[in-house]
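# Notes for the structure review
Below are the chains, spelled out letter by letter.
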Amino acid sequence: MNLNWQSLNERFQELETTLLSPALDQFQRNKLQKEYSYLRNLLTYHAEMEQLEKELSQAKDQAATETDAELRELFTHEIQTVSHKIDQRTKELDAILYPPDPMDDRSSFIEMRAGAGGQEAALFVGDLARMYTNYATQKGWKVSVASVSQTELGGFREMILHIEGKGVYGHLKFESGVHRVQRVPKTETAGRIHTSTATVAVLPEVEEVEVTINPSDLRIDTFRAGGAGGQHVNKTDSAVRITHLPTGLAVACQDERSQHKNKDKAMKMLQSRLYALEAEKQRKEISQMRKEMVGTGERAEKVRTYNYPQNRVTDHQVEITLKSLDLFMEGDIDEVIQALRQKEWQDRKKHPVLSLNLT
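Here we summarise the structure given alongside this text. (Residues numbered from 1 in each chain as written. Predicted model: local features only at pLDDT ≥ 70, side-chain atom pairs only at ≥ 80, totals over all residues. Heavy atoms only, no water.)

### Points about the environment of H260
With respect to the helices and strands, H260 occurs in helix α7 (residues 259-286). Measuring from C-alpha to C-alpha, the distance between H260 and S238 comes to 8.0 Å, with 22 residues separating the pair along the chain. (Helix = DSSP H or I, 4+ residues; strand = E, 2+ residues; numbered from the N terminus.)

### Some words on the packing of aromatic side chains
Summed over the entire model, instances satisfying the criterion amount to four aromatic pairs. Judged by centre distance (4.7 Å) and plane angle (10 degrees), the rings of F12 and Y36 are stacked. With F12 in helix α1 (residues 5-18) and Y36 in helix α2 (residues 26-65), this pair connects stretches of sequence that are 24 residues apart. For the pair F12 and Y36, a shared accessibility class is recorded, and that class is buried. Ring geometry for Y135 against W141: centres 5.9 Å apart, planes inclined by 80 degrees, an arrangement best described as edge-to-face. These aromatic residues form a ring-pair network of at least three members: F124, Y306 and F328. One cation-aromatic arrangement involves R183 over Y308; the distance from NZ or CZ to the ring centre is 4.7 Å. (Phe/Tyr/Trp six-rings, centres within 6.5 Å; stacked < 30°, edge-to-face > 60°. Buried < 20%, exposed > 50% of the residue type's maximum accessible area, 1.4 Å probe, protein only. Lys NZ or Arg CZ within 6 Å of the ring centre and 35° of its normal.)

### A closer look at the pairing of strand β2 (residues 142-150)
Of the strand pairs in this sheet, β2 and strand β3 (residues 156-164) are connected by eight bridges, and their pairing is antiparallel. Across the sheet, residue S149 finds its bridge partner in β3, namely E158. Between the end of β2 and the start of β3, which pair antiparallel, lie five residues, with G154 showing a positive phi angle near 90 degrees. (Pairing = 2+ DSSP bridges.)

### Regarding the environment of S149
Among the secondary structure elements, S149 is positioned in strand β2. Taking relative accessible area as the criterion, S149 reaches 25% and is therefore assigned partly exposed. Measuring from C-alpha to C-alpha, the distance between S149 and R113 comes to 9.4 Å, with 36 residues separating the pair along the chain. Apart from residues lying up to four places away in sequence, S149 is in contact with G155, F156, R157 and E158. (Contact = heavy atoms within 4.5 Å.)

### With respect to the packing of α1 against α2
Close contact between α1 and α2 brings their axes to 10 Å; oriented N to C, the two are set at 140 degrees. Considering the angle they form, α1 stands oblique to α2. Both α1 and α2 take part in a crossing whose hand is left-handed. Packed against α1, whose contacting residues are W5, L8, N9, R11, F12, L15, E16 and T18, the element α2 presents L32, E35, Y36, L39, R40, L42, L43 and H46 at the interface. Class assignment of the residues belonging to the contact of α1 with α2 gives a composition of nine nonpolar, three polar and four charged. (Axes fitted to C-alpha atoms, helices over the stretch in contact; angles between N-to-C directions. Parallel < 35°, antiparallel > 145°, perpendicular 65-115°, else oblique. Left-handed = near helix turned anticlockwise from the far one by under 90°. Nonpolar A, V, L, I, M, F, W, Y, C, P; charged D, E, K, R; others polar.)

### Focus: the sheet that holds strand β4 (residues 177-183)
The eight strands lie next to each other as β2-β3-β1-β5-β4-β9-β10-β11, forming an open sheet whose pairing is mixed. Every interior strand has two partners, whereas the edge strands, β2 and β11 (320-322), have only one. Each strand axis lies, on average, 15 degrees off the axis of its neighbour in the sheet, ignoring direction. Taken together, the four bridges between strand β9 (residues 302-307) and strand β10 (residues 312-315) define a ladder with antiparallel strand orientation. Bridging across to β10, R304 finds its partner in D315. Docked against the sheet, helix α4 (residues 119-139) engages β1 (108-114), β2, β3, β4, β5 (194-204) and β9, running at close to 10 degrees with respect to β3.

Have a look at this one:
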């Protein structure tokens with residue numbers, strides 16, 4: 001895509017003059033200052049690119065006409081150096097024109113729930129949790145269980161993981177959706193393959209200042225934690241459930257022994273869900289370009305199929321099939337993750353941030 005650099009420069013000069021006006025209120029000034037800074041950065045990179053292209057052209061001309069072998073080798077080396085700089089600047093310019101999701105660097109909550117398939121679906125939730133935990137460990141991220149609801153046979157109706165680290169959301173956000181598993185359940189005596197599902201939702205962790213919550217809109221209940229944890233969790237009301245009355249959203253946390261810590265973690269979960277709810281409204285108003293993200297109405301779509309008899313996993317978002325499901329379920333999922341991230345990058349290039357004078 002080519003940009004009308006002359007028009008962009010004219011807009012930059014116009015903003016420079018406008019920002020000198022004392023008549024601007026603070027809101028207008030902040031908005032125009034943001035556009036001004038963006039264009040200044042963009043034009044600076046463009047000027048550098050023009051200079052590098054000029055240097056490259058000169059080096060190529062000199063290399064083509066130089067008769068001295070030693071000097072020709074120097075010009076050839078210069079061509080390689082300048083070409084490398086141009087590649088780097090091009091990537092940096094692309095990052096300005098097609099910036100990543102500002103939430104990509106955030107930690108995340110991964111909510112997994114059993115879907116169709118009864119106990120087999122509940123067991124699959126546990127498999128997914130182990131898969132994400134192993135992947136996070138490979139990346140050096142910290143994993144903890146924020147909430148869990150276990151079944152009688154060792155499966156999970158619901159499990160919520162809190163994964164902390166840089167870039168968690170950017171790597172895992174495309175996991176949101178319906179995950180389908182095809183395998184022979186342990187309880188199946190005839191050896192028939194059953195199909196079950198689990199839903200996954202990935203929410204970025206948000207800061208308190210990004211989501212305003214009125215304390216009067218909350219109902220906070222405490223109860224005794226269940227499951228593993230020894231006598232302590234069964235004798236004290238350490239578990240916390242927080243309900244946001246205006247939206248009806250409810251979160252619970254029983255992972256920590258301290259009621260205070262459970263409340264803090266539950267509040268983070270609630271903030272993330274409320275943020276996702278608001279982000280959904282904004283996305284629907286602006287565009288449908290990020291269909292894979294949580295809350296866009298696309299969660300009913302099947303995102304991945306895990307076929308155990310054939311040791312095969314297929315991601316339907318990027319149409320990749322791997323014949324190594326056994327390794328995949330142990331957390332070796334980076335090949336698919338990187339393909340999903342590359343697809344997002346290609347999608348971003350179809351929707352640049354810049355809306356001024358694109359030609």
